[in-house]
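# A closer look at the structure
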Amino acid sequence: MSDTVLVTGAAGFIGSHVVRELLSQGHSVRATVRDPVNAEFLKELPGSEKLEIVQMDLLNRTAVDAAVEGCADVIHCAAALYVGVKDAQKEVVDPSIQGTQNLLDAIDAMGGISRLVHTSSVAAVRRNGSRNGQTFSNTDWCDNATVDSNAYGMAKAGAERLARNWVASKSESERPRYVSINPCVVFGPVMSKRHLKGSMTIIDHLLKRKPNVLLKMHVNIVDVRDVATAHVRALTQGEDGGRYIVYNDSLWMPEMAALLRTEISERKWPKFVLPKSLSYALSIFHPQLTMKWVKHNIGTTCDYDSNPATQELGMEWLPVRSSVVDGANSAIKAGWR
């Protein structure tokens, strides 16, 4: 029987670290990417003699079938980034939902899959309009998102519910083990310049120093290396059907800048904290900010209960200091910033 683990979205930030963790443990990995050129860096990972890189678009059912065939386990990391999209329905929601459906259909058609670990997000957990200071758990769902109000939350919650309903529809003898991993904002070392998008946009903002201001934004952080560990552990550990929020600690954006100023002192870092009133003004001109986002995210906080991950997956979190500093340093040392 094959012991190959299929990793979708393997050239992405989380996916690439999942590949590295699997290889470090001696697994054979089939890594799917939309463009193999973007995955060349994976060939430099230790253990890459057990790595197979295949081109696959999740919206191409024939390609998905071929990727699934012969694998024993699937870790589904592929996701559409929300940053900078023009058509959220077409570029975020549809790929997430239809791509997940195609993967599930391929598992049905090809057979042989024993375990499915699914990269979801706390975006699938946190409802729109939550109160300031609220703590969310793995029983919460983002069930009121729309394309206009929260396309990413709609996509992540929709894809996760789709997978869970698919599992629930099967008899005990035919259903694979299913676990979702729901990360918050993911920081840590990047392996590709492309990884500076998505969660790492916040660190990249500080690295670019354009504009040279800080938002009073509270960020819930987990290290990408811990996220990868959680995915691989979930293949065999934790509850079948488990839903694990992976979250360590939080920092305000000005605290991140102060930390980087201390740890990477040879570089200049932003200092000026933009008042909320001026954040509203900035949102009029900034392509990635809206007045609604400023209202709900500047000066407000929330928290997540990650106790199930620590208790059932045995997670011990890397310090947030390492997540921030190692992330910034990796981009600097690679010459990307």
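What comes next is a walk through the structure. All values reported here derive from a predicted model rather than from experimental measurement. (Residues numbered from 1 in each chain as written. Predicted model: local features only at pLDDT ≥ 70, side-chain atom pairs only at ≥ 80, totals over all residues. Heavy atoms only, no water.)

Attention shifts here to the overall build of the protein. What the protein contains, in helices and strands, is 11 helices and 14 strands. A compact globule built from 337 residues should have a C-alpha radius of gyration of about 20 Å, and the protein, at 19 Å, falls within 12% of that. The dimensions of the protein, computed from C-alpha atoms along their principal axes, are 60 × 40 × 40 Å. In the protein, buried positions account for 51% of the 337 residues. (Helix = DSSP H or I, 4+ residues; strand = E, 2+ residues; numbered from the N terminus. Rg over C-alpha atoms; globule rule 2.2 N^0.38 Å. Buried < 20%, exposed > 50% of the residue type's maximum accessible area, 1.4 Å probe, protein only.)

All right, on to the sheet that holds strand E5 (residues 115–119) then. Spatial strand order, E3-E2-E1-E4-E5-E7-E11: 7 strands in an open sheet with parallel pairing. Among the strands making up the open sheet, the edge pair consists of strand E3 (51–55) and strand E11 (243–246). Going across the sheet, the axis of each strand differs from the next one's by a mean of 20 degrees, ignoring polarity. Relative to E11, strand E7 (residues 177–183) runs parallel, the two being bridged by 4 bridges. The partner of serine 180 across the bridge, within E11, is arginine 243. Sheet contacts for helix H4 (residues 147–168): E5, E7 and E11; angle to E7, the most-contacted strand, approximately 165 degrees. (Pairing = 2+ DSSP bridges. Axes fitted to C-alpha atoms, helices over the stretch in contact; angles between N-to-C directions. Contact = heavy atoms within 4.5 Å.)

With that settled, consider the sheet that holds strand E10 (residues 218–223). Two modes of strand pairing occur in sheets, parallel and antiparallel, and in both the strands are linked by backbone hydrogen bonds. Pairing within the open sheet is mixed, and its 3 strands lie in the order E8-E10-E12. In this open sheet, the two edge strands, each paired with only one partner strand, are strand E8 (185–187) and strand E12 (249–252). When strand polarity is set aside, the average angle formed by the axes of neighbouring strands in this sheet is 50 degrees. Two elements, E8 and E10, share 3 bridges in a ladder whose sense is parallel. Bridge pairing links valine 186 to valine 222 in E10.

A few words now on the pattern of salt bridges. Per the counting criterion, the structure on display carries 13 salt bridges. For the salt bridge of aspartate 73 with arginine 115, the shortest nitrogen-to-oxygen distance reads 2.8 Å. Placement of the pair is aspartate 73 in strand E4 (residues 73–76) and arginine 115 in strand E5, with a sequence separation of 42 residues. Exposure remark for arginine 115: the relative accessible area of 24% places this residue in the partly exposed category. Through salt bridges with shared partners, a single ionic network connects Glu160, Arg164 and Arg243. (Salt bridge = Lys/Arg side-chain N within 4 Å of Asp/Glu carboxyl O.)

Ranked by internal contacts, the top residues of the largest apolar core, which has 77 residues, are Val7, Val19 and Met256. Of the residues forming this core, the biggest block, 6 residues, is contributed by helix H1 (residues 13–24). Residue contacts for valine 19: discarding those within four places in its chain leaves Val7, Ala10, Val29, Ala31, Leu42, Leu45 and Leu51. Judged by nonpolar contacts, the second largest core, of 19 residues, contains Ala67, Val68, Leu104 and Ala163. (Core = buried A, V, L, I, M, F, W, Y, C linked by side-chain atoms within 4.5 Å.)

Once that is clear, we can look at H4. Look at H4: only 27 Å from first C-alpha to last across 22 residues, short of the 32 Å you get at 1.5 Å a residue. Remark: the principal bend of H4, roughly 50 degrees, maps to glycine 153. By the burial criterion, the buried members of H4 are Asn150, Ala151, Gly153, Ala155, Lys156, Ala157, Ala159, Glu160, Ala163, Arg164, Trp166 and Val167. Residues of H4 that are buried in the fold lie against helix H3 (88–110), E5, E7 and E11. (Expected span 1.5 Å × (residues − 1). Bend = angle between axes of the 7 residues up to and from the residue.)

Glancing now at a nonpolar patch on the surface. Taken together, the side chains of Ile284, Phe285 and Met291 make up a nonpolar region of the molecular surface, amounting to roughly 390 Å² of accessible area. In this structure, phenylalanine 285 sits in helix H8 (residues 276–285). (Patch = residues over 30% accessible without salt bridge, like charges linked within 9 Å, V, L, I, M, F, W, Y side chains within 5 Å. Areas by Shrake-Rupley, 256 points an atom, 1.4 Å probe, with all protein chains shown as cover.)

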